[in-house]
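Structural description and commentary
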Amino acid sequence: MGQRGRNRPGGSARALSEAYDTALLDLDGVVYAGGEAIAYAVESLGTARDGGMHLAYVTNNALRTPAAVAAHLSELGVPAEPSDVITSAQAVARLIADQVPPGSRVLVIGGEGLRVALRERGLEPVESADDDPAAVVQGYGGPELPWGRFAEAAYAVARGVPWFASNTDLTIPSPRGIAPGNGAAVEVVRIATGAEPQVAGKPLPPMHRETILRTGAERPLVVGDRLDTDIEGAFNGGVDSLLVLTGVTDAARLLAAVPEHRPTYVDADLRGLLTGQPEVTGSVEAGFGCGGWTASVRGDAFVLDGEGGALDGLRALCAAAWTHAGDGSCALEAGKALARLGW
Ligand SMILES: [Mg+2]
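Residues numbered from 1 in each chain as written. Predicted model: local features only at pLDDT ≥ 70, side-chain atom pairs only at ≥ 80, totals over all residues. Heavy atoms only, no water.

Things to note about the packing of helix 4 (residues 88-97) against helix 8 (residues 205-215)
Closest axis-to-axis distance for the helix 4/helix 8 pair is 9 Å, and the angle between their directions is 100°. What the angle tells us is that helix 4 and helix 8 run roughly perpendicular. For the pair helix 4 and helix 8, the contacting residues are Ser88, Gln90, Ala91, Arg94 and Leu95 in the first and Pro206, Met207, Arg209, Glu210, Leu213 and Arg214 in the second. Residue classes in the contact of helix 4 with helix 8 are distributed as five nonpolar, two polar and four charged. (Axes fitted to C-alpha atoms, helices over the stretch in contact; angles between N-to-C directions. Helix = DSSP H or I, 4+ residues; strand = E, 2+ residues; numbered from the N terminus. Parallel < 35°, antiparallel > 145°, perpendicular 65-115°, else oblique. Contact = heavy atoms within 4.5 Å. Nonpolar A, V, L, I, M, F, W, Y, C, P; charged D, E, K, R; others polar.)

Next comes the structure, spelled out in structure tokens:
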């Protein structure tokens, strides 16, 4: 299936959990939000697993260890082993190990997840720029990370020590609002040094490579809620993707997606794993059809005719928007069409 569907969502006669052997699931906004399971996630994942689909959890958050993430998932009712969890800490540890001598010291600005991942690759985490590190690595360190840690990183990076980042997500969602993420912490060191780090996390290839190496997936399906990490990571890896609307992406943002941000499939939530996906038919001239809807473009706005399920209407609108935008981002007026679908 590969790159199919970039100008319209793809169809699948079989349930996605049967058409793909492994789901590479993002966590926040897909499986849980603010520590609580998202609606339908627990039951849907249980059914997919009982049907033989392998479930793996892929997170850009480098703070927690795979064991801690697996314990949290199991508590929520999604049984998981540490080996089912792949973090950007693991991806960046492999990236560093590929470039420094075995047993090298690595200056860590981050949390326990990063230290465990470095030791797993035979590297020695150290705390000071004076410890003669062969590399510097930054991962999300949680709200208690002291400001002085950024100074340690800056001292070493300014001396020319190779600099790595687990991920560069600028923000991290919290129950109280949007907090600065590791990308913001990386900016602090960048401003102090003018240097550029090597980055491992989604949407970049080291994270995808780590995931495939650890899961052995042959027909993987990336499942995520973010266009610029999950879906773009799948695009970069040449892998099909399912966008669920339980996280940060809303319908309007999906319609405006540039080609590398367009998922293969879109569904409301993880129940989408258990069903087939309808074909979107049609053309610019005839309009794009899905379910009972036909979407077309008139002037600078979408026109949506017919009736049916809201998701089918959104899929038809995606085809109209993405075809209209070509390699760019669709700027058509979508408010009225989306209001008809209840968005
Ligand atoms: Mg997410």
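Notes on the coordination of the magnesium ion
Taken together, Asp26 (OD), Asp28 (O) and Asp225 (OD) make up the protein donors of the magnesium ion, found 2.0 to 2.2 Å from the metal. One chain supplies every donor to the magnesium ion, and in sequence these donors are spaced D-x1-D-x196-D. Here Asp26, found in the loop between strand 1 (22-25) and strand 2 (32-33), pairs with Asp225, found in the loop between strand 13 (220-224) and helix 9 (227-237); they are 199 residues apart in sequence, far enough to count as distant. This pair shows no difference in class: Asp26 is buried, exactly as Asp225 is. (Donors = N, O, S within 2.8 Å, 3.2 Å for Na, K, Ca; no water. Buried < 20%, exposed > 50% of the residue type's maximum accessible area, 1.4 Å probe, protein only.)

Quick notes on the pattern of salt bridges
A complete count under the given rule lists 16 salt bridges for this structure. In this structure, Arg115 engages Glu127 in a salt bridge whose closest nitrogen and oxygen atoms are separated by 3.1 Å. With a gap of 12 residues between them, Arg115 in helix 5 (residues 112-120) and Glu127 in the loop between strand 7 (124-126) and strand 8 (135-138) connect regions that are remote in the sequence. The buried category is assigned to Arg115, whose relative accessible area is 15%. Residue Glu127 is classed as partly exposed on the basis of its relative accessible area of 34%. Note that Asp269 is salt-bridged to Arg271, the shortest N-O span being 2.8 Å. Within this structure, Arg94, Glu120, Glu210 and Arg214 form a network of salt bridges that share partners. (Salt bridge = Lys/Arg side-chain N within 4 Å of Asp/Glu carboxyl O.)

A closer look at the sheet that holds strand 16 (residues 281-283)
Judged by pairing direction, the sheet is antiparallel, and its four strands sit side by side in the order 16-17-18-19 without closing on themselves. Only two strands of the sheet have a single partner each, and these edge strands are strand 16 and strand 19 (301-306). For this sheet the average axis-to-axis angle between neighbouring strands, irrespective of direction, equals 20°. Pairing analysis gives three bridges linking strand 17 (residues 287-290) to strand 18 (residues 293-298), with the strands arranged antiparallel. Paired with Cys290 across the strands is Trp293, a residue of strand 18. In the packing of helix 11 (residues 310-325) onto the sheet, the strands contacted are strand 17, strand 18 and strand 19, and the crossing angle to strand 17 comes to about 150°. (Pairing = 2+ DSSP bridges.)

Some thoughts on the sheet that holds strand 5 (residues 85-87)
Across the sheet, which stays open at both edges, the six strands sit in the order 5-4-1-13-14-15 with parallel pairing between neighbours. The open sheet is flanked by strand 5 and strand 15 (265-267), the only strands paired with a single partner. Between one strand axis and the next, the sheet turns through 25° on average, direction left out of account. Both strand 1 and strand 4 (residues 54-59) contribute to a ladder of four bridges, which runs parallel. Counterpart to Leu25 in the pairing with strand 4 is Tyr57. Strands strand 1, strand 4, strand 5 and strand 13 of the sheet are contacted by helix 8, whose axis makes an angle of about 155° with strand 5. Running over the sheet, helix 9 touches strand 13 and strand 14 (240-244) and is turned about 155° from strand 14.

Quick notes on empty space enclosed by the protein
Under the definition given, this model contains one cavity of 30 Å³ or more. Lining of the largest cavity is provided by 15 residues; of these, Val58, Lys202, His208, Val222 and Asp230 occupy positions nearest its centre. Secondary structure elements with two or more residues in the lining of the largest cavity: strand 1, helix 8, strand 13 and helix 9. Tallied by class, residues from the lining of the largest cavity come to nine nonpolar, three polar and three charged. (1 Å grid on protein atoms, 1.4 Å probe; cavity = no way out; pocket = protein on both sides within 12 Å on 5 of 7 lines; lining within 4 Å. Points joined across faces, edges and corners; volume = space filled by probe spheres on them.)

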